Amino acid sequence: MAAHLHLHACSLPAGIVARSGKSLSPAFVSDKNPRFLARPTSAPALRATASPLVVAAVSTAVSGAPPASASPPKTLPFRVGHGFDLHRLEPGYPLIIGGIDIPHDRGCEAHSDGDVLLHCVVDAILGALGLPDIGQIFPDSDPKWKGAPSSVFIKEAVRLMHEAGYEIGNLDATLILQRPKVSPHKESIRKNLCELLGADPTVVNLKAKTHEKVDSLGENRSIAAHTVVLLMRK
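So, a few notes on the structure that sits alongside this text. (Residues numbered from 1 in each chain as written. Predicted model: local features only at pLDDT ≥ 70, side-chain atom pairs only at ≥ 80, totals over all residues. Heavy atoms only, no water.)

Of the strand pairs in this sheet, strand β5 (residues 78-90) and strand β11 (residues 222-233) are connected by 11 bridges, and their pairing is antiparallel. Following the sheet pairing, Arg79 is matched in β11 by Leu231. Here β5 pairs with strand β8 (residues 107-108) via two bridges, running antiparallel. Looking at the pairing, Glu90 lines up with Gly107 of β8. (Pairing = 2+ DSSP bridges. Helix = DSSP H or I, 4+ residues; strand = E, 2+ residues; numbered from the N terminus.)

Right, dumping it as structure tokens:
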């Protein structure tokens, strides 16, 4: 196999057996493990299928309406997602963080408005729902999203979240940039983020860190953000 494939023994095709001829115990196995081999002549072909909600999300972004056959993801009491984003900082661009225009001598070079925080939050929500990332649902190859405000993306992520039957449990975000200082703007950013999410301010946290003058982040050549989100079943 071209890729290093990990499968659960309980879900392996019948053609995959131990070299000893004994049945495999329910444990994780790998195609790199010499203790088992595949018999292509008798094993059924493995098929990769897309989650109905994945199809719905991509279809919604493209056509504006999900397919009629779309169904919600597996019902879980909660879901956890992580998001990350990074953009170059260049002169001549606005620096928009969390929907707030921050005065600075440079801003994010991006296809949309380059809001690193909102992009990161969108990816965290999509990840928790088991959906494709923001770049797949809102591709930068589509001129429709050129210069688009990132509030469009986050509103769509929130819509998908509610459609799946979840709401924000809590969200923790970290901005990483050397300059400018975020502290004077932090509450404005957090307030706007809460409004976009429709979340109570007590469940949304925002932190900001420098990068101790290390690499592009520490040299004021880029900005990054991490977000962890907990979604709770309604």
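All told, the structure shown has seven salt bridges when counted by the stated rule. In this structure, the salt-bridge partner of Arg106 is Asp105, at a minimum N-O distance of 3.7 Å. For Glu163, the salt bridge is made with Arg159, and the minimal N-O distance between the two is 2.9 Å. Of the two residues, Glu163 and Arg159 both sit in helix α4 (residues 151-163), four residues apart, roughly one turn of that helix. Shared partners join several salt bridges into a network, and the residues in it are Glu156, Arg159 and Glu163. (Salt bridge = Lys/Arg side-chain N within 4 Å of Asp/Glu carboxyl O.)

Bringing the sheet that holds strand β10 (residues 204-209) into the picture now. Judged by pairing direction, the sheet is mixed, and its five strands sit side by side in the order β8-β5-β11-β9-β10 without closing on themselves. The sheet is open, and its two edges are formed by β8 and β10, each paired on a single side.

This paragraph deals with unusual backbone geometry. Where the residue is not glycine, phi is negative for most of them; where a peptide bond is considered, it is trans in most cases. A cis geometry characterises the amide bond from Arg179 onward to Pro180, with omega recorded as -5 degrees. Unusually for a residue other than glycine, Lys213 sits at a positive phi of about 60 degrees. Among the secondary structure elements, Lys213 is positioned in the loop between β10 and α6 (215-218). Take Lys213: its relative accessible area is 67%, and that puts it in the exposed class. (Buried < 20%, exposed > 50% of the residue type's maximum accessible area, 1.4 Å probe, protein only.)

Turning to helix α2 (residues 116-129), a few remarks are in order. The terminal C-alpha atoms of α2, which comprises 14 residues, lie 20 Å apart, in line with the 20 Å expected from a rise of 1.5 Å per residue. Counted residue by residue, α2 has 13 buried out of 14 residues, so it is predominantly covered. Positive phi appears at Gly130, one or two residues downstream of α2, with a value of about 75 degrees. (Expected span 1.5 Å × (residues − 1).)

To continue, consider the packing of aromatic side chains. Counted under the stated rule, the structure contains zero aromatic pairs. Note that Arg233 overlies the ring of Tyr166, its terminal NZ or CZ placed 5.0 Å from the centroid. (Phe/Tyr/Trp six-rings, centres within 6.5 Å; stacked < 30°, edge-to-face > 60°. Lys NZ or Arg CZ within 6 Å of the ring centre and 35° of its normal.)

Our next topic: the packing of α4 against helix α5 (residues 186-197). Orientation of α4 relative to α5, taken along the N-to-C sense of each, is 45 degrees, at an axis distance of 9 Å. Viewed along their axes, α4 and α5 adopt a mutual orientation that is oblique. Taken together, the residues of α5 that come into contact with α4 (itself represented by Ser151, Ile154, Lys155 and Val158) are Leu193, Leu196 and Leu197. Of the residues that constitute the contact of α4 with α5, the class distribution is five nonpolar, one polar and one charged. (Axes fitted to C-alpha atoms, helices over the stretch in contact; angles between N-to-C directions. Parallel < 35°, antiparallel > 145°, perpendicular 65-115°, else oblique. Contact = heavy atoms within 4.5 Å. Nonpolar A, V, L, I, M, F, W, Y, C, P; charged D, E, K, R; others polar.)

This brings us to a nonpolar patch on the surface. A contiguous nonpolar patch, built from Phe78, Val80, Val228 and Met232 and spanning about 350 Å² of accessible area, is present on the exposed surface. If you list the elements that add at least two residues to the nonpolar patch, you get β5 and β11. For Val80, the location among the structural elements is in strand β5. (Patch = residues over 30% accessible without salt bridge, like charges linked within 9 Å, V, L, I, M, F, W, Y side chains within 5 Å. Areas by Shrake-Rupley, 256 points an atom, 1.4 Å probe, with all protein chains shown as cover.)

Helix length check: α4, at 13 residues, gives a terminal C-alpha distance of 18 Å against a target of 18 Å (1.5 Å per residue), a fit within 8%. Buried residues of α4: Phe153, Ile154, Glu156, Ala157, Val158, Leu160 and Met161, and no others. In the segment just after α4, Gly165 is the residue with positive phi, at about 95 degrees.

Bringing the pairing of strand β9 (residues 166-176) into the picture now. The element β9 is largely enclosed, with a buried count of eight among its 11 residues. Two elements, β9 and β10, share six bridges in a ladder whose sense is parallel. What sits directly across from Ile176, in β10, is Lys209. Each parallel crossover has a hand, and the one from β9 via α5 to β10 is right-handed. (Right-handed = clockwise from strand over helix to strand, strands pointing away.)

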